[in-house]
Amino acid sequence: MTKADIARIVYERHGGLSNREAARLVEIIFDSIKNRLGDGEKVQITGFGTFVIRQKRERRGRNPQTGEEMLIKPRRSVVFRPSKLFGAAAD
Amino acid sequence: MTKAELVETVSKVSDLTRKHSEVIVDAVFSSIIDALQRGDKIELRGFGSFRVRRRGSRTGRNPKTGAGVVVPAKKVPHFKPGKELRELINRR
């Protein structure tokens, strides 16, 4: 499933939007989440889950292709914690 | 950010009421849950992907009594951030 499929579902569920407008709004929703995460904020969607930023420490890793040891720089990553509802639906 | 703020954003950029905007936001997230429940994966360009991961059974412990308890295998939703999102949160 892609954003186009989600836009189609939004179009059907709402009923009063053009296809184009549905696609535009879906794009805006994911862009807003992305930008807030970019600012280091967490994003909490009730009934779905929470996206949080995690700080990862510097560590030693290995290039899986060459086996060469290297230093992996500290970086930030996004972790998604599903809500109870979502977790139960997936199981 | 919360879901209410997301609804507000949609309402602002669309001239739709908050109620209509909420229908849209809810449709987006329930469509993702429905797709994963069907066993589909979701790929959102620039954002990331959702899929179901299998987690094997393990032996946990009752923190009160210390007794070993088997935690059964289960499936959990997993999100993998896309390249654009990874770069955005790591820009200096």
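Owing to the predicted nature of the structure, the values given are computational and were not obtained by experimental measurement.

Criteria and thresholds
- Residues numbered from 1 in each chain as written.
- Chains lettered and ligands numbered in written order.
- Predicted model: local features only at pLDDT ≥ 70, side-chain atom pairs only at ≥ 80, totals over all residues.
- Heavy atoms only, no water.
- Axes fitted to C-alpha atoms, helices over the stretch in contact; angles between N-to-C directions.
- Helix = DSSP H or I, 4+ residues; strand = E, 2+ residues; numbered from the N terminus.
- Parallel < 35°, antiparallel > 145°, perpendicular 65-115°, else oblique.
- Left-handed = near helix turned anticlockwise from the far one by under 90°.
- Contact = heavy atoms within 4.5 Å.
- Patch = residues over 30% accessible without salt bridge, like charges linked within 9 Å, V, L, I, M, F, W, Y side chains within 5 Å.
- Areas by Shrake-Rupley, 256 points an atom, 1.4 Å probe, with all protein chains shown as cover.
- Salt bridge = Lys/Arg side-chain N within 4 Å of Asp/Glu carboxyl O.
- Lys, Arg positive; Asp, Glu negative; His and termini not counted.
- Charge placed at Lys NZ, Arg CZ, Asp CG, Glu CD.
- Buried < 20%, exposed > 50% of the residue type's maximum accessible area, 1.4 Å probe, protein only.

## Things to note about the packing of helix α1 (residues 3–14) of chain A against helix α2 (residues 19–38) of chain A
Residues and elements named next belong to chain A. Running from N to C, α1 and α2 point in directions that differ by 120°, and their axes come no closer than 8 Å. Judged by the angle between their axes, α1 and α2 are oblique. Our pair here, α1 against α2, has a crossing hand that is right-handed. Residues K3, I6, A7, V10 and Y11 of α1 form the contact with α2, whose own contacting residues are N19, A22, A23, V26, E27 and F30.

## Observations regarding a positive patch on the surface
A contiguous patch of positive charge, built from K42, R54, K56, R59, R75 and R81 of chain A together with R53, R55, R58, K74, K80 and R86 of chain B, is present on the exposed surface. Taken together, the elements giving at least two residues each to the positive patch come down to β2 (49–56) and β5 (75–82) of chain A together with β2 (48–55) and β5 (74–81) of chain B. Mapped onto the elements, R54 of chain A comes out in strand β2. According to the relative accessible area criterion, R54 of chain A is partly exposed, its value standing at 37%.

## Some remarks on the environment of F80 of chain A
Secondary-structure assignment places F80 of chain A in strand β5. The sequence separation of F80 of chain A and A22 of chain A amounts to 58 residues, and the corresponding C-alpha distance is 25 Å. Residues in contact with F80 of chain A, not counting those within four places in the same chain, are F48, G49, T50, F51 and F86 of chain A together with F50 and F79 of chain B.

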